Amino acid sequence: MRAKTNAGIFLEPERYELRAAAPYRFDLDRRDFFKFLGAGVVVVSVLKPAIVAQESGGGRQRRGESLPQQIDAWLHIGENGKVTVYTGKVEVGQNIRTSLSQAVAEELHIPINRIEMVMGDTQLTPFDMGTFGSRTTPTMNPQLRKAAAATREILIGLAASQWKTDQQQLVASDGRIVDPKSNRSIEYAALLKGQQITQSISADQPLIPATEWKVAGQPALKVDGRDFVTGKHRYPSDQKLQNMLYGKVLRQPSFNATLVSADTKTAEQMGATVVLDGNFVGVAAPSTQAAEAAIAAIHAEWKSEPQISNKELFDFLRKDAPQGKDPSGDGDHYETGSVDQAMSSADHRLQQSYTVSYIAHVPLEPRAALANWDGDQLTVWTGTQRPFGVRGQLVEAFHIPEEKVRVLMPDTGSGYGGKHTGETAIEAARLARAAKRPVKVVWTREEEFSWAYFRPAGVIDVMSGVRSDGTITAWEFHNYNSGSAGIRTYYDVPNQHIVFHEVHSPLRQGSYRALAATANHFARESHMDELAHVLKMDSLEFRLKNLKNERLRAVFEAAAKQFGWGKSKSPGQGFGMGGGYEKLGNIATFAEVNVDSKSGDVRVMRVVSAFECGAIVNPDNLRNQIEGSNVQGLGGALFEAIEFENGKILNGRLSQYRVPRFSDLPALETVMPDDRPCAGDRERDL
């Protein structure tokens, strides 16, 4: 079932991490509570589930309202001519800081280097549900363009009034308003004289057509790119404050274990600040090494129940599914025609099962947070895709008003959908409160593997019927656990029965790049190849015969042409393809694969992708996203799978968990039709 937000954005059900219980909820005793917040202050925090909050909006307003329409909620022009832009979206390596800057520069007619983008600061930016779901460009790009365009028109009007001339003859150019007839000009800042534009943005604010773009639509150097490659940029794990301590948390020996007792005397004698609060046991010390030693000195007893292993996983997922054809609501159940009747009359029938394992996100930078209390004010710097969501978790954990919490998100070292929750921020804040000093918590790689959430594992059963001429007549598709994103087939089939079965997952799971679309597209496209093989029909010809979506057909044809589909193969060589539609984008990928006949080793030699998403904001950035997704896809296809047993991860180190290496990379070729006339500026936000 899909949850619809107040802004009309649909959230796929496999965003399990947004619906999970809070990671911590500290029960302060009344005396400590008043000591900390001050006598006479009583706070009751009742948070709405994150799943029902709107995608973006609120400004300095509250959740549930529409996007703020006041220009100054989004954009300020300083006396020095710098333009400051505010957005709750964040930069996690996808380079959205650059493409959003291009959008503003295009409409405001100002160089990119004069724009400063403030992102993901809960005190300064409009409320935003988070940076996920490929929503940044479709929602935030137009919003910032409208704010910039409205500002431009207001500035032109101010200049016309000051010069007592017709504003139709004035133009904006390079941060100035210019009168071509008189050759007069004035800088934006001089025109405003320190005042801010407070007018509202018109609902029908005209924007520059994509066919006329001069800044957007062009490659642009990454904003602050030099800082990233020289080490000047400070990631969340690099943040420092004076008098700061380092925190560590005692982890359970297995998932879902309950703390029975903990002896912290030795750790306290070592000089560490020790916190024991419910199931939370943590320390703060002057160095990481001292914190690790203090944690090692704590003797704890835990209670846990037996749990399954990855060897039993796929049988478990099928058996654990609720009974009934549609256990999770009609949003995950699609039926048309009569599958049983069409199947019985088909010339060929095929039934296959496909499985996907749990996969770790493996961000280059593990989770990190630095927390500081100033009286009853809490400030946290952390790497997250949802600063406002993390703020909500802090409010809930510490029973404090929302306005007492500020979350800042320094551009962080990747997320891939894996940094939506605020465990590290809460851990750092709890330790900082006890130590009465700033505390930084940085997870180890082993903690990242064990205590973050995974891409959902799943079993997908597909049954199909087809005529001898290649026409698909019946399609039945059951997905157990891995989610319903991309579950509907885009092939033209008159009789369909498609169901997502929600399952109680043995491991913590949540958003992963493209969500369940990765699993559903894999199963569907694999089945298409197997159907073509049954028919002894060319795989591309078979797909095109059953595909009416012209934009999807176009990318299959473009990729096939670039790849040279149809050429002969040498021994050990294979060619394959896959494609689909998801998040406003059409993709087709063709691959050349070699298999060593002696060792059985599989190596992908060449990958060609054609991707069409409408108007392209930054071609270089989009190419990077496509090629990066292909590289990440190699891991799931060839190497990556979480191994676990009885509540413990067995391969939770990079020496044990295989991700793609430079030596694995194939030749990557990308075709990007720039469909400027199409509505929407839909560069991906992966």
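Described in the following lines is the structure provided in the data block. (Residues numbered from 1 in each chain as written. Predicted model: local features only at pLDDT ≥ 70, side-chain atom pairs only at ≥ 80, totals over all residues. Heavy atoms only, no water.)

Attention shifts here to the environment of F398. Mapped onto the secondary structure, F398 falls in helix α10 (residues 387-398). As for F398 and Y24, which are separated by 374 residues in sequence, their C-alpha atoms are 9.1 Å apart. Those residues in contact with F398 that sit more than four places away from it in its chain are F26, W373, I426, A429, R430 and R433. (Helix = DSSP H or I, 4+ residues; strand = E, 2+ residues; numbered from the N terminus. Contact = heavy atoms within 4.5 Å.)

Moving on to the packing of α10 against helix α11 (residues 423-435). Axis separation between α10 and α11 bottoms out at 10 Å; the angle between their running directions is 40°. Between α10 and α11, the interaxial angle falls into the category oblique. The chirality of how α10 crosses α11 is right-handed. Here V390, Q393, L394, A397 and F398 of α10 come into contact with α11, specifically with A425, I426, A429, R430 and R433. When grouped by side-chain class, the residues that make up the contact of α10 with α11 number seven nonpolar, one polar and two charged. (Axes fitted to C-alpha atoms, helices over the stretch in contact; angles between N-to-C directions. Parallel < 35°, antiparallel > 145°, perpendicular 65-115°, else oblique. Left-handed = near helix turned anticlockwise from the far one by under 90°. Nonpolar A, V, L, I, M, F, W, Y, C, P; charged D, E, K, R; others polar.)

This brings us to empty space enclosed by the protein. All told, the structure shown has two cavities of 30 Å³ or more when counted by the stated rule. Of the voids in this model, the largest cavity is the one considered here, and its volume is about 60 Å³. Residues that form the lining of the largest cavity fall into these classes: six nonpolar, one polar and two charged. (1 Å grid on protein atoms, 1.4 Å probe; cavity = no way out; pocket = protein on both sides within 12 Å on 5 of 7 lines; lining within 4 Å. Points joined across faces, edges and corners; volume = space filled by probe spheres on them.)

Turning our eyes to something else, we now look at the nonpolar core. In terms of nonpolar packing, the biggest core is built from 53 residues, with L394, F398 and I642 touching the most fellow members. Take this core: its biggest share by element is seven residues, from α11. Ranked by size, the runner-up nonpolar core spans 39 residues in total, among them A523, V555, F575 and M577. (Core = buried A, V, L, I, M, F, W, Y, C linked by side-chain atoms within 4.5 Å. Buried < 20%, exposed > 50% of the residue type's maximum accessible area, 1.4 Å probe, protein only.)

Moving on to α10. Taking 1.5 Å per residue, 12 residues should reach 16 Å; α10 reaches 16 Å between its end C-alpha atoms and fits that length. The set of residues buried in α10 consists of P387, F388, G389, V390, R391, G392, Q393, L394, V395, A397 and F398. The elements touched by buried residues of α10 are β16 (368-374), β17 (377-382), β18 (405-408) and α11. After α10 finishes, the residue H399 shows a positive phi value of roughly 60°. (Expected span 1.5 Å × (residues − 1).)

With that settled, the discussion passes to helix α3 (residues 136-163). In this model, α3 (28 residues) spans 39 Å end to end at C-alpha, consistent with the 40 Å of a helix rising 1.5 Å per residue. Most of α3 sits inside the fold, with 21 of its 28 residues counted as buried. Just beyond α3, the residue with positive phi is K164, at close to 55°.

It is worth spelling out the packing of aromatic side chains at this point. Using the criterion set out here, one finds 18 aromatic pairs in the structure. Judged by centre distance (5.2 Å) and plane angle (80°), the ring pair of F255 and W451 falls under edge-to-face. Placement of F255 in the loop between β9 (245-249) and β10 (258-263) and of W451 in helix α12 (residues 445-451) is noted, with a sequence separation of 196 residues between them. Of the residues examined, F255 reaches a relative accessible area of 11% and is grouped as buried. Its relative accessible area of 18% is what places W451 among the buried residues. Ring pairs connect the aromatic residues Y24, F26, F280, W373 and F398, which therefore count as one cluster. Cation over ring: R367 sits above Y453, and NZ or CZ is 5.9 Å from the ring centre. (Phe/Tyr/Trp six-rings, centres within 6.5 Å; stacked < 30°, edge-to-face > 60°. Lys NZ or Arg CZ within 6 Å of the ring centre and 35° of its normal.)

Next up on the list: the sheet that holds strand β21 (residues 472-480). Spatial ordering of the open sheet is given by β14-β22-β21-β20-β15, a layout of five strands whose pairing is mixed. Each edge of the open sheet carries a strand with a single partner, namely β14 (333-336) and β15 (348-356). For this sheet, the mean inter-axis angle between neighbouring strands, taken without regard to orientation, is 10°. Contacting β15, β20 (458-466) and β21, helix α13 (residues 517-535) crosses the sheet at an angle of about 145° to β15. (Pairing = 2+ DSSP bridges.)

Purely geometric numbers; function is a separate question.
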